[in-house]
Amino acid sequence: MIMQTLTLEKEVEKRNETITGAEAVILSLLAEGTDTIFGYPGGAIMPIYDALYGYLDRIHHVLTRHEQGAIHAGQGFARVSGKPGVVFATSGPGATNLITGLADAKIDSTPLVCITGQVPFSMLGTDAFQETDVISLSMPVTKWNFQVTKPEEIPAAIAKAFYIATSGRPGPVLLDITKDAQFATFSFDYKKCQGFRSYNPKPAVDIEKIKEAAELINNAKRPYLLFGQGVILSHAEKELAAFVEKTGIPAAWTILGLSALPTDHPLNVGMLGMHGNYGPNKLTNECDVLIAVGMRFDDRVTGKVDTYARQAKVIHLEIDPAEIDKNIQTEVAVLGDAKESLQLLNEYCHANEHAEWLERFHEYSRIEYDKVIRDELNPTKEGLTMGEVIRRVNDLTDGDAVVVTDVGQHQMVACRYAHFKKSKSNITSGGLGTMGFCLPAALGAKLGAPEREVVAVIGDGGFQMTIQELGTIFQTQAAVKIIILNNEFLGMVRQWQQLFFDKRYSSTELVNPDFVTVCHGFGVEATRVSKREHLDDSLKVMFEHDGPYLLEVVVEKEDNVFPMVPSGASVDEIRLE
């Protein structure tokens, strides 16, 4: 509240005053409630950084060690806080280093406002030093982008950027501001964007479609609900729980939907997709009505599309019309915000129970436990497993932690076995599958939710892609707890090579550095554990440490993640071994 008051006072002070474009950037960000920026300075954005210097009492700037680290940190911040991540980078390589994060944020619907510096307007197109056409480069991986060449354009462009990034289906936007526009002066005035022509981010829910969907649900014998991140983005967690509890419908989640419904909820039947749970995949092809809420039927969820839920009438609740019938044909499509759609649907659906149908999921769960889970969580083998590490993290955090994962076997294990009580607790790279995401995203998550325990679960491969962000963690002293599950392989690729390429382990075995020594060099406390009898004490030391801490856990080199739907197979062809 104090920060907001100061921001408004400052805005009023500067309204209609003549200021530079660079200062207008900072004032506009303050007017939008920005209190944290992740970035890396350079020549073309130096005027904005100079203006920022006068506002460091109001905005915390996090100097990352690479622009990719900045944008992934912005993603982690946005995903836990619900506020857009704000990222600064300079022109040329600074801007191009944002592209991976922009693509990741676009496909995972993460709100970001990225601001890049650019060479002066008169030098555009001349191949000037550090000039790159970032607008053309970023167009496919942003929700909107715009090049600012005059200072007068800055307030409206930033207002529009925040509105687009956060409304409807969220996503990243990018503003590229020429250096002369940053230096030039104009009479500043800021108005928040409330909408504009041709952009309808929140379609009105059609009540007739709600009634059609409710009729199908009320008459269903084997209804099944799938929920994705759209539930979290629309703040529809309570509405989802109320709906499944009233109707008695089993509900399964995508990896980005994980934590929208508590893990231990009696109607939460588990994880969808390639390494999801046995029952949720098998029974997709036995349900008679399939209700999808805020998810996009990604290929990792559907497997072979031609055989996916062919017997079912599909109801799709979705805010983005582009996702309707894109991959899976629907019987009833309900366009609109998931919160509003679920509220209305709940009014028209009858109270019901589906005990026999729910028991089918429990039967498959028992099979999966006997074939896979028991040995993963309570192993008899000498070496440590990834699953037992996650189980102990659950025990020590009581399901209250934010778990940030990278991409690979450890990601699937963490998503399968981590327990969550609160929403916005599972932060991972879903659609793009970006190795290197975890470490900076965990930093951003901790800064976005400083009151919560943040645990980064990461593989030895992905850790080394953005290992330099240990420097940022040391400088900020963000108390991130980092667990490296080290199997000395690019584990997921190795698993595929074992199963489908006759164990030809081509370029997947890693010769790693001494991670503990590396961490100590960065000023981060660290230790290594390889014995089961030392695991509990090592985890306790990590969680009790006041500040950032890294625990390297040496796990079995050639363990595989099961169940698994082979690429190109139907979801009901899921393998347990």
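Up top is the structure these notes are about.
Given the structure is predicted, the values throughout are model-derived calculations rather than measurements. (Residues numbered from 1 in each chain as written. Predicted model: local features only at pLDDT ≥ 70, side-chain atom pairs only at ≥ 80, totals over all residues. Heavy atoms only, no water.)

Caption draft 1: Up close: the packing of helix α16 (residues 355-377) against helix α18 (residues 409-417). Remark: α16 packs on α18, axes separated minimally by 13 Å, with the N-to-C direction vectors making an angle of 110°. Considering their axes alone, α16 and α18 lie roughly perpendicular with respect to each other. Counted together, E368, V372, I373, E376 and L377 of α16 and V413, R416 and Y417 of α18 form the full contact between these two elements. (Axes fitted to C-alpha atoms, helices over the stretch in contact; angles between N-to-C directions. Helix = DSSP H or I, 4+ residues; strand = E, 2+ residues; numbered from the N terminus. Parallel < 35°, antiparallel > 145°, perpendicular 65-115°, else oblique. Contact = heavy atoms within 4.5 Å.)

Caption draft 2: Spotlight on the sheet that holds strand β15 (residues 402-405). In spatial order, the strands read β16-β15-β17-β18-β20-β19; together these six strands make up an open sheet with parallel pairing. Looking along the sheet, the strands with just one partner apiece sit at the ends: β16 (426-427) and β19 (525-529). Sheet topology note: the strand β17 (residues 454-459)/strand β18 (residues 481-486) ladder contains five bridges and is parallel. Its bridge partner being in β18, A456 is matched across the sheet by I482. On the sheet, helix α17 (residues 386-397) packs against β17, β18 and β20 (549-554) and is oriented at approximately 160° with respect to β18. (Pairing = 2+ DSSP bridges.)

Caption draft 3: Representation of the nonpolar core in the model. Of all hydrophobic cores here, the largest spans 98 residues; its most connected members are Y224, L225, L290 and V553. A total of seven residues in this core trace back to one element, the largest contributor, which is α16. If sequence neighbours within four positions are ignored, L225 has contacts with L240, F243, V244, I249, P250, A251, A252, I291 and V293. Membership of the second largest hydrophobic core comes to 48 residues, among which are A103, L439, V454 and V524. (Core = buried A, V, L, I, M, F, W, Y, C linked by side-chain atoms within 4.5 Å. Buried < 20%, exposed > 50% of the residue type's maximum accessible area, 1.4 Å probe, protein only.)

Caption draft 4: Representation of helix α12 (residues 237-247) within the structure. Inspection of α12 places E237, E239, L240, A241, F243, V244 and T247 among the buried residues, and these make up the whole buried set. Tucked into the core, α12 has its buried residues touching α10 (207-218), β9 (223-227), α11 (230-233), β10 (251-253) and α15 (338-348). One or two positions beyond α12, positive phi appears at G248, with a value near 70°.

Caption draft 5: Representation of the pattern of salt bridges. Applying the stated criterion across every chain yields a total of 26 salt bridges. Its salt-bridge partner being K381, residue D559 comes within 3.0 Å of it at the nearest N-O pair. Residue D559 is found in the segment after β20, and its partner K381 is found in the loop between α16 and α17; the two are separated by 178 residues along the sequence. Accessibility expressed as a relative area gives 34% for K381, which makes it partly exposed. For K421, the salt bridge is made with D398, and the minimal N-O distance between the two is 2.9 Å. With K421 in the loop between α18 and β16 and D398 in the loop between α17 and β15, the pair connects residues that are 23 residues apart, well separated along the chain. The exposure class assigned to K421 is partly exposed, which follows from its relative accessible area of 44%. By relative accessible area, which is 46% here, D398 ends up partly exposed. Beyond isolated ion pairs, a larger network of salt bridges with shared partners links R169, D320, E323 and K326. (Salt bridge = Lys/Arg side-chain N within 4 Å of Asp/Glu carboxyl O.)

Caption draft 6: Quick look at the packing of aromatic side chains. Tallied over the entire structure, the rule returns 14 aromatic pairs. The interplanar angle of 5° and the centroid separation of 5.8 Å between the aromatic rings of W144 and F146 together place this pair among those described as stacked. Here F146 falls in the partly exposed class, since its relative accessible area comes to 29%. Note on F196 and Y199: the rings are 5.2 Å apart at their centroids and 20° apart in plane angle, and the pair reads as stacked. Given the relative accessible area of 27%, F196 is considered partly exposed. A residue is classified by how much of its surface remains accessible, and Y199, at 21% relative accessible area, is partly exposed. Through a chain of ring-to-ring contacts, the aromatic side chains of Y163, F196 and Y199 assemble into a single cluster. Geometry around F196 places K160 over its ring, the cationic atom sitting 4.5 Å from the centre. Its end group placed over the ring of F489, R494 keeps NZ or CZ at 5.7 Å from the ring centre. (Phe/Tyr/Trp six-rings, centres within 6.5 Å; stacked < 30°, edge-to-face > 60°. Lys NZ or Arg CZ within 6 Å of the ring centre and 35° of its normal.)

Caption draft 7: Quick look at empty space enclosed by the protein. By the definition in use, this model includes three cavities of 30 Å³ or more. Along the walls of the largest cavity sit E376, L384, T385, M386, Q409, V413, V555, E556, D559, N560 and V561, which together make up its complete lining. Residue composition of the lining of the largest cavity, grouped by class: five nonpolar, three polar and three charged. (1 Å grid on protein atoms, 1.4 Å probe; cavity = no way out; pocket = protein on both sides within 12 Å on 5 of 7 lines; lining within 4 Å. Points joined across faces, edges and corners; volume = space filled by probe spheres on them. Nonpolar A, V, L, I, M, F, W, Y, C, P; charged D, E, K, R; others polar.)

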